[in-house]
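Report on the structure
What follows is each chain in one-letter form.
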Amino acid sequence: MPLLDLKKYKDLTAVITDQGDYYSYHDLDQLQKEFASYIRPDLLVCIFADNSMAGLTACLACLASGTVSIMIPAGEQARPGNSIIQEYQPEYIWLPLEQHQKKAADWSGCRAVFISFGYVLLECKGAGYRNLHPDLALLLPTSGSTGNPRLVRLSRHNLHENTVSICEYMKLTREDRAVTSLPLSYTYGLSVVNTILYTGGSLYLTKESIVSQAFWKHMEQYGVTVLSGVPYTYQCMKKLNVNIAYLRNLRILTQAGGKLSEELQMYWGECAERTGKRFFVMYGQTEATARISYLPWKDCLRKPGSVGIAIPGSQLELVDRQGNRIMESNRQGEIICRGGHVSMGYAGRKEDLALGDRNQGCLHTGDIGHFDDDGYLYIDGRMNRFAKIYGRRTDLGDVERTAASIWGQEVTALSDDRKVYLYTDADIRRSDLTQLAGKFGWGQEVLEIRSMEEIPRQYNGKVDYRMHF
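Below, the structure is looked at part by part. (Residues numbered from 1 in each chain as written. Predicted model: local features only at pLDDT ≥ 70, side-chain atom pairs only at ≥ 80, totals over all residues. Heavy atoms only, no water.)

Moving on, we come to the overall build of the protein chain. For the protein chain, the helix and strand inventory stands at eleven helices and 27 strands. Rg of the C-alpha trace for the protein chain: 22 Å, near the compact-globule value of 23 Å for 469 residues, within the 12% margin. Principal-axis analysis of the C-alpha atoms places the extent of the protein chain at approximately 65 × 50 × 45 Å. Counting every position in the protein chain, which comprises 469 residues, the buried fraction comes to 58%. Sequence-distant contacts in the protein chain: of pairs separated by 6 or more residues, those separated by 24 or more amount to 68%. Counting every atom, the protein chain has about 19900 Å² of accessible surface; 46% of that belongs to carbon and sulfur. Within the protein chain, one finds 53 positive and 54 negative side-chain charges whose respective centroids are separated by 1 Å. (Helix = DSSP H or I, 4+ residues; strand = E, 2+ residues; numbered from the N terminus. Rg over C-alpha atoms; globule rule 2.2 N^0.38 Å. Buried < 20%, exposed > 50% of the residue type's maximum accessible area, 1.4 Å probe, protein only. Contact = heavy atoms within 4.5 Å. Areas by Shrake-Rupley, 256 points an atom, 1.4 Å probe, with all protein chains shown as cover. Lys, Arg positive; Asp, Glu negative; His and termini not counted. Charge placed at Lys NZ, Arg CZ, Asp CG, Glu CD.)

What follows is the structure, given as structure tokens:
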């Protein structure tokens, strides 16, 4: 059975676009069937997905027909030399028609078989995937691997389990309308689509940025009830003085895609409480399909800094460096996630697409955290985010948290092992720098302030910790 039964909701509105076009579930079903008629289920499709009807219908068609797809951000260069295309050699590539026309000579070995919504489907001489694992449904880049061919292997079971769980704790209904404020190729953005269509709700499908006036105008015009964002989204919203009280239909705000500062959590939590809305702080990874934990909205102001409890149908635990389970509260360990939403594992080359479930429902997240006395989870850092300053290993997550506590504002720390670069728009005094340096036993010359506008970011708005100096 497909993840989304589009026939179930028939004439209900499924999608509204920036142009004011309305598509029913019946329309969407016909569009995805048309796309699926040009592809074979035992082959591989590479989708350069944007937040448009072209990206949406291609994604839905592959999920419905049983075809395995690779979702790549539309901002990536759609060319044969793309590292993912080179490694996996897909039989089909769905890309913007304009990009194809500009570089038509590069695609001389491919044949255009279908054109729709300004996109073209190319049939290419690929790898001939007769050995795709039968459980494999979707391949997504991790949050930081778009420049290399490592992908997360997701099954239909993974997608179904996570979708149902999110719908349960958010209590989504067919009256809800979500906005595509995140890329479809990003696991968080894709989960917004899956959950809202699973419940019979609708999407406001937009490429508009949250910093544009049109975005907020259409939010109100089209009656959006669910807004999702990463920490950067909520930073921008605060700077723009977005007043959610004027968004009369909005009832749910969600945040994931990185740790939200306590200051921002309290700010938006208080805004939500004052205006009768619900603010969910969440934690997730592509490797767990999308969501791992959520903070119940009623606890938002009571548990600053927490990412809450395990999503329904899953379990969370902590282990020490020896792999022993940590039972006591307020002790740090690696976060382990168990459940049906845990991915099958990674693919780094085309042969890996034949592999079965390597994770067996258990994910070692690589994140360090602790539980409080009530069993609520807090993220304390990454196992591999360390700098070696003066020959000593220092957790950059600890630097970020300490700096934020001193300045009262979110700070991003990057390092080349010579200096620690602090990205912030806070007004920093010399005494503040001296205080921060002293906390870690450094001289002040180790620290360098850079403006927030320079902060390196990925396509999904998350901080790009892969930055090289």
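As summarised here, the arrangement of the eight strands in space is β6-β7-β5-β3-β4-β8-β9-β20, forming an open sheet in which the pairing is mixed. The open sheet has two edge strands, β6 (111-116) and β20 (345-347), and neither has a second partner. On average, each strand axis in the sheet is tilted by 25° relative to the strand beside it, whichever way the strands run. Pairing of strand β4 (residues 68-73) with strand β8 (residues 136-141), which is carried by two bridges, proceeds in the parallel orientation. (Pairing = 2+ DSSP bridges. Axes fitted to C-alpha atoms, helices over the stretch in contact; angles between N-to-C directions.)

Here the focus is helix α6 (residues 187-198). Given a rise of 1.5 Å per residue, twelve residues ought to cover 16 Å, and the 16 Å separating the end C-alpha atoms of α6 matches this to within 8%. Counting buried residues in α6 gives eleven out of twelve residues, a clear majority hidden from the surface. Turning to α6, its buried residues are Thr187, Tyr188, Gly189, Leu190, Ser191, Val192, Val193, Asn194, Thr195, Ile196 and Leu197. Phi turns positive one or two residues past the end of α6, at Gly200, with a value near 90°. (Expected span 1.5 Å × (residues − 1).)

To continue, consider the state of the cysteines. All told, the structure shown has one disulfide when counted by the stated rule. Note on cysteine connectivity: Cys110 is disulfide-linked to Cys124, with sulfurs 2.4 Å apart. Every disulfide takes its handedness from the sign of the S-S torsion; for Cys110 and Cys124 that torsion is 110°, giving right-handed. Of this pair, Cys110 sits in the loop between α4 (97-102) and β6 while Cys124 sits in the loop between β7 (119-123) and β8; the two residues are 14 residues apart in sequence, bridging distant segments of the chain. Since its relative accessible area comes to 23%, Cys110 is described here as partly exposed. Judged by relative accessible area, which is 13%, Cys124 ranks as buried. Free of any disulfide, Cys46 has its nearest neighbouring cysteine sulfur in Cys124, separated by 9.4 Å. Residue classification places Cys46 among the buried residues on the basis of a relative accessible area of 0%. (Disulfide = S-S within 2.5 Å.)

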